Amino acid sequence: MENAERLLLDLVDAGHLVPMGIDGMYGRGAAFEDTLLRFDAYISRSAKDDGATLVRFPPVINRRDFERSGYLKSFPHLAGTVFSFDGTPAEHQHLLETVEAGGDWSATQKMTGAVLCPAACYPIYPTLRGTLPQNGRLFDVFSYCFRHEPSKDPARMQIFRMREFVRISDGDSVRPWRNMWIERAMELLTAIGLPAVSAVANDPFFGRGGRMLAANQRAQELKFELVVPIASEESPTAIMSFNYHQEHFGSTFGIQTSDGAVAQTACVGFGMERVTLALFKYHGMRVDRWPDSVRRVLWG
Ligand code: ATP
Ligand code: ZN
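Throughout what follows, the structure given in this document is the object of discussion. None of the values given here were measured: they were computed from a predicted structure.

1. Considering the nonpolar core
Counting residues in each nonpolar core, the largest one holds 77 residues, and the members touching the most others are F39 and W181. Among the elements that line this core, the one with the most residues is helix α6 (residues 171-191), at seven residues. The contacts of F39, once residues within four sequence positions are left out, are L189, I192, F270, M272, V275 and L298.

Below is the structure:
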C-alpha cells in the first residue's frame, strides 16, 4: 500500500478524518479540529503586533472578479464554479427523471454569480480598487478553498482551509515583508517539531504555456514554499507558501499606491489541514502523547 493511503487509513481509524465518499473531501474529527484551531491561534499570537486588518469571507468569490483575476488562464483545471437550477416546472420534472435514471443532469443547471474560492486572498483584491493609504495595507484572511484535484493523498484535499496574510503596497515594502515571514514561519514550525525546509517553487500552471510560466516564476523567485515530508519522503508537501505577485493584482483591479504607482502584492499562506496532518504524522495519532515541548506551544 502507498504511504499516502496508509496515512489516510490511520487518520480515519483515529477519527481525525471522516470519509465522504469522494477523494479529497472529509469531515474533521474533534481532535483534528481542535489542533487546527490551536495552530490558528498560535499564528495569531505570532502576528499580533503587525496590525493586520482581519476580514473573513465566505468560501466563494464574485464570478466577475474571478473572471478578471486571471485564474482561468493559469488553473482552469482546478476551478470549481457554482451552478443552480433556474427552470420551469417541466424542466424540473426532467431534472428529477434524469437524476432517478442516474443520468447527467448538468444541462438543467445554470451558472450563478458565485465561484468557489480558490485561495483565501482572492476576495480581498477587488475590494481595494483605488488609492491605498501611505503605507499600503495588510490583511488577515482565512477561508475554505476549493481545488478540483481529487487524490488519495490526505494532504491533497479538494476543499481545505488557508490562513493568509496579504500585503498590498509598493515593491520596496512587499518583498522584504514576504522574506520576513519565511524566517518567522520557519521558527513557528520548528517550535512545534516540524522539520520544514524552504524551497523555491512554482504553481501548477495548466498546459504547454504553463511550463514557461513556471520556469519564469522560479527564475524570479516569486514563490517559496516550506515543505515537510507527509505522504512521501521523496516529494515533500508544501505546508506553507509565500507568493510575490508583483503588479498582477494591482493592475488587474486598479489598485494604486499613494504615489500613484500600480500597487504590488504578496501573500503568505498556511495550509491549515496540511500543518495539522504533519503534526499527526510526526507526533502520532494521540494528541495527549505528543511531546511536552509541542503541547506547551499549542495548549499553553
Ligand atoms: P501544491 O504545489 O502542493 O499543489 P500550491 O502551490 O498550489 O500547492 P498554494 O496555491 O500556494 O499551493 O496554496 C497555499 C497553501 O495551501 C499551500 O502551501 C498548501 O499548504 C495549501 N494547499 C494547497 N493545495 C492544497 C490541497 N489540495 N490540499 C490541502 N492543502 C493545500
Ligand atoms: Zn494568496
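2. Remarks on the packing of helix α2 (residues 30-46) against helix α10 (residues 292-299)
Running from amino to carboxyl end, α2 crosses α10 at an angle of 70°, the nearest separation of the two axes being 9 Å. In terms of their interaxial angle, α2 and α10 are classed as roughly perpendicular. Residues D34, T35, R38, F39, Y42 and R45 of α2 lie in contact with α10, whose contacting residues are V297, L298 and W299.

3. Structural notes on the site of ligand 1
Surrounding ligand 1, one finds 17 residues, the nearest of these being R147, E149, M157, K223 and S241. Backbone polar atom of M157 to a nitrogen atom of ligand 1: 2.8 Å apart, as the coordinates give it. Within the side chain of E225, one N or O atom sits 3.2 Å away from an oxygen atom of ligand 1. Look at ligand 1: alone it shows 590 Å² of surface, and the protein chains cover 91% of it. Counting only elements with at least two residues in the shell around ligand 1, the list comes to β9 (159-169), β11 (223-228) and β12 (237-246). Per-element accounting of the shell around ligand 1 gives the leading share, four residues, to β12. Looking at the shell around ligand 1 residue by residue, the class counts come to eight nonpolar, two polar and seven charged.

Conventions used here
- Residues numbered from 1 in each chain as written.
- Chains lettered and ligands numbered in written order.
- Predicted model: local features only at pLDDT ≥ 70, side-chain atom pairs only at ≥ 80, totals over all residues.
- Heavy atoms only, no water.
- Core = buried A, V, L, I, M, F, W, Y, C linked by side-chain atoms within 4.5 Å.
- Buried < 20%, exposed > 50% of the residue type's maximum accessible area, 1.4 Å probe, protein only.
- Helix = DSSP H or I, 4+ residues; strand = E, 2+ residues; numbered from the N terminus.
- Contact = heavy atoms within 4.5 Å.
- Axes fitted to C-alpha atoms, helices over the stretch in contact; angles between N-to-C directions.
- Parallel < 35°, antiparallel > 145°, perpendicular 65-115°, else oblique.
- Near = heavy atom within 4 Å.
- Polar contact = N/O pair within 3.5 Å; in protein donor to acceptor, adjacent residues only side chain to side chain.
- Areas by Shrake-Rupley, 256 points an atom, 1.4 Å probe, with all protein chains shown as cover.
- Nonpolar A, V, L, I, M, F, W, Y, C, P; charged D, E, K, R; others polar.

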